Amino acid sequence: MQYSSAVVTPRIMKETKLLLEKTPPGVRVTVSEENPRHFLFDIQGPPGSFYEAGIFKVEIFLPSDYPMSPPKALFRTKVFHPNIDKVGRICLDILKQDKWTPALLIEKVVLSIQWLLGAPNLDDPLDTSVADVFKASPEHAEKTAREWVQLYAK
Amino acid sequence: MESSVPRTFRLYEELEKGEKAKLSDQSVSYGLTNGDDTTFTNWNGTIIGPPNTNFDNRIYFLTIRCGPHYPMQPPEVSFNSKVNLPSVNQANGKVEPTKFSIFANWKPDFDMEKTLIGLKNEMIANKKLPQPADGDMY
């Protein structure tokens, strides 16, 4: 059975309440006024990472069969990172249908995205040209990543 | 497409559909004008002129703009290639929303593919209309 995505399930209501009342540190959340399945996050780059000085906009949308299917997530802030591509696609295990389990929460997704910023995975790159820079010259990668933070994530 | 999907995710679905060549009609295509446009606003489209019409053997280039209210409102579409069609403003190539039935009867579950196929169907419906020289641009 196909639910309309405008329908808010008790599970989503509960998760939303939790997110708003106990927002994890370094995260701001807004629920879209038009669509209660649509969340707008500001995620602080993890301390000690190339991205520490930045605030990154990430949109999350819960598909109609959530939590059977994982949330959809896209970066809306440009970021120089091997696992995030030019249009904001994110390469993260738990966002994939075969790795997602309904026991996971939106909060877990957001924290994993924040963690991913601090832990670039060069074995599974989404943008190979960015990954090549990270492999060839970590110093150059750091410089570009920090420049992009100054340009786009302020 | 599902109409209650927010703009970002809706256009992202359309991007993936266009990139993976999953369009149901192989004679139309589209993609982002700038591959790093995270706002998903400006797109390029193409239509291959339908066979057995005056549009045959031509590739039509179009500009598509999905504004902040897309898909609640239709995109803005212009032909870059000169074309003689009833819905197209002959001065600048703009598809006039009031004259193009897909736009006049727009629903949020319509998408760029449906728009391009609609324009292709207008070519078929006007197959004998005299056309400008191939390659002329606005």
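Every value quoted in this text rests on a predicted model; they were computed, and no experiment measured them.

Right, let's talk about the overall build of chain A for a bit. Counting its secondary structure elements, chain A contains four helices and four strands. When the helices and strands of chain A are listed from N to C terminus, the series reads α-β-β-β-β-α-α-α. Relative to a compact globule of 154 residues, whose C-alpha radius of gyration would be 15 Å, chain A shows 16 Å and is just as compact. If one aligns the C-alpha atoms of chain A with their principal axes, the spans along those axes are about 50 × 30 × 25 Å. Looking at chain A residue by residue over its 154 residues, the buried ones come to 48%. Sequence-distant contacts, at least 24 apart, represent 58% of the contacts inside chain A between residues at least 6 apart. With the model as given, the accessible surface of chain A reaches about 8,000 Å², and the carbon-plus-sulfur share is 57%. Computing the positive centroid from 19 side-chain charges and the negative centroid from 19, chain A places the two 3 Å apart.

It is worth spelling out empty space enclosed by the protein at this point. Rolled over the atoms, a probe sized like a water molecule indicates the empty space that remains. Residues and elements named next belong to chain A. Within the structure shown, the criterion is met by one cavity of 30 Å³ or more. If you add up the space inside the largest cavity, you get close to 30 Å³. Together, Glu15, Leu18, Leu19, Lys22, Leu105 and Glu107 line the largest cavity. Looking at side-chain class alone, the lining of the largest cavity contains three nonpolar, no polar and three charged residues.

The next thing to look at is helix H3 (residues 112-125) of chain B. Residue and element names in this part refer to chain B. Taking 1.5 Å of rise per residue, the 14 residues of H3 would be expected to cover 20 Å, and the 20 Å separating its terminal C-alpha atoms lies within 8% of that figure. Counting buried positions along H3 yields 10 of 14 residues, so the element is predominantly enclosed. Buried within H3 are the following residues: Met112, Glu113, Thr115, Leu116, Ile117, Gly118, Leu119, Lys120, Glu122 and Met123. Lining the buried residues of H3 we find helix H1 (7-19), strand S1 (28-32), strand S2 (42-48), strand S3 (59-65), strand S4 (76-79) and helix H2 (101-104). Taking the backbone nitrogen of Glu113 as reference, a side-chain oxygen 3.3 Å away marks Asp111 as the first, capping residue of H3.

By way of backbone hydrogen bonds, the strands of a sheet pair with one another, either parallel or antiparallel. If you walk across this open sheet you meet the four strands as S1-S2-S3-S4 (chain A), and the pairing is antiparallel. The sheet terminates laterally at strand S1 (27-31) and strand S4 (72-75) of chain A, the two strands that pair on one side only. Within the sheet, the average angular offset between the axes of one strand and its neighbour, ignoring direction, is 20 degrees. Relative to the sheet, helix H2 (residues 106-118) of chain A contacts S1, strand S2 (38-44), strand S3 (55-61) and S4 of chain A, its axis offset from that of S2 of chain A by approximately 35 degrees. Strand contacts of H1 of chain B: S2, S3 and S4 of chain A, with the helix running at about 95 degrees to S4 of chain A, the strand carrying the most contacts.

When the UniProt feature table is mapped onto this chain numbering, "active site" (unreviewed entry) sits at Cys91 of chain A. Not counting the four nearest positions on each side in its chain, Cys91 of chain A is found in contact with Asn83, Lys96, Leu116, Asp124 and Leu126 of chain A.

Glancing now at the pairing of S3 of chain A. All names here are of chain A. Within S3, five of the seven residues are buried, which leaves the element mostly enclosed by the surrounding structure. Taken together, the seven bridges between S2 and S3 define a ladder with antiparallel strand orientation. Paired with Ile43 across the strands is Phe56, a residue of S3. Pairing of S3 with S4 involves four bridges; the strand directions are antiparallel. The residue of S4 that forms the bridge with Ile60 is Ala73.

Quick look at unusual backbone geometry now. Cis peptide bonds are those with omega within 30 degrees of zero, and the linkage from Tyr66 of chain A to Pro67 of chain A qualifies with 5 degrees. Mapped onto the secondary structure, Pro67 of chain A falls in the loop between S3 and S4. One non-glycine residue, Asn52 of chain B, adopts positive backbone phi at about 60 degrees. Relative to the helices and strands, Asn52 of chain B is located in the loop between S2 and S3. A residue is classified by how much of its surface remains accessible, and Asn52 of chain B, at 70% relative accessible area, is exposed. For Asn57 of chain B, which is not glycine, the phi torsion reads 65 degrees and is therefore positive. Counting through the fold element by element, Asn57 of chain B comes out in the loop between S2 and S3.

Residue and element names in this part refer to chain B. Judged by side-chain polarity, Ile48, Ile59, Phe61 and Met137 come together as a nonpolar surface patch covering roughly 370 Å² of accessible area. Structurally, the position occupied by Phe61 is in strand S3. A residue is classified by how much of its surface remains accessible, and Phe61, at 41% relative accessible area, is partly exposed.

Analysis parameters
- Residues numbered from 1 in each chain as written.
- Chains lettered and ligands numbered in written order.
- Predicted model: local features only at pLDDT ≥ 70, side-chain atom pairs only at ≥ 80, totals over all residues.
- Heavy atoms only, no water.
- Helix = DSSP H or I, 4+ residues; strand = E, 2+ residues; numbered from the N terminus.
- Rg over C-alpha atoms; globule rule 2.2 N^0.38 Å.
- Buried < 20%, exposed > 50% of the residue type's maximum accessible area, 1.4 Å probe, protein only.
- Contact = heavy atoms within 4.5 Å.
- Areas by Shrake-Rupley, 256 points an atom, 1.4 Å probe, with all protein chains shown as cover.
- Lys, Arg positive; Asp, Glu negative; His and termini not counted.
- Charge placed at Lys NZ, Arg CZ, Asp CG, Glu CD.
- 1 Å grid on protein atoms, 1.4 Å probe; cavity = no way out; pocket = protein on both sides within 12 Å on 5 of 7 lines; lining within 4 Å.
- Points joined across faces, edges and corners; volume = space filled by probe spheres on them.
- Nonpolar A, V, L, I, M, F, W, Y, C, P; charged D, E, K, R; others polar.
- Expected span 1.5 Å × (residues − 1).
- Polar contact = N/O pair within 3.5 Å; in protein donor to acceptor, adjacent residues only side chain to side chain.
- Pairing = 2+ DSSP bridges.
- Axes fitted to C-alpha atoms, helices over the stretch in contact; angles between N-to-C directions.
- UniProt positions renumbered as here; feature names shortened; annotations may be inferred.
- Patch = residues over 30% accessible without salt bridge, like charges linked within 9 Å, V, L, I, M, F, W, Y side chains within 5 Å.
- Salt bridge = Lys/Arg side-chain N within 4 Å of Asp/Glu carboxyl O.

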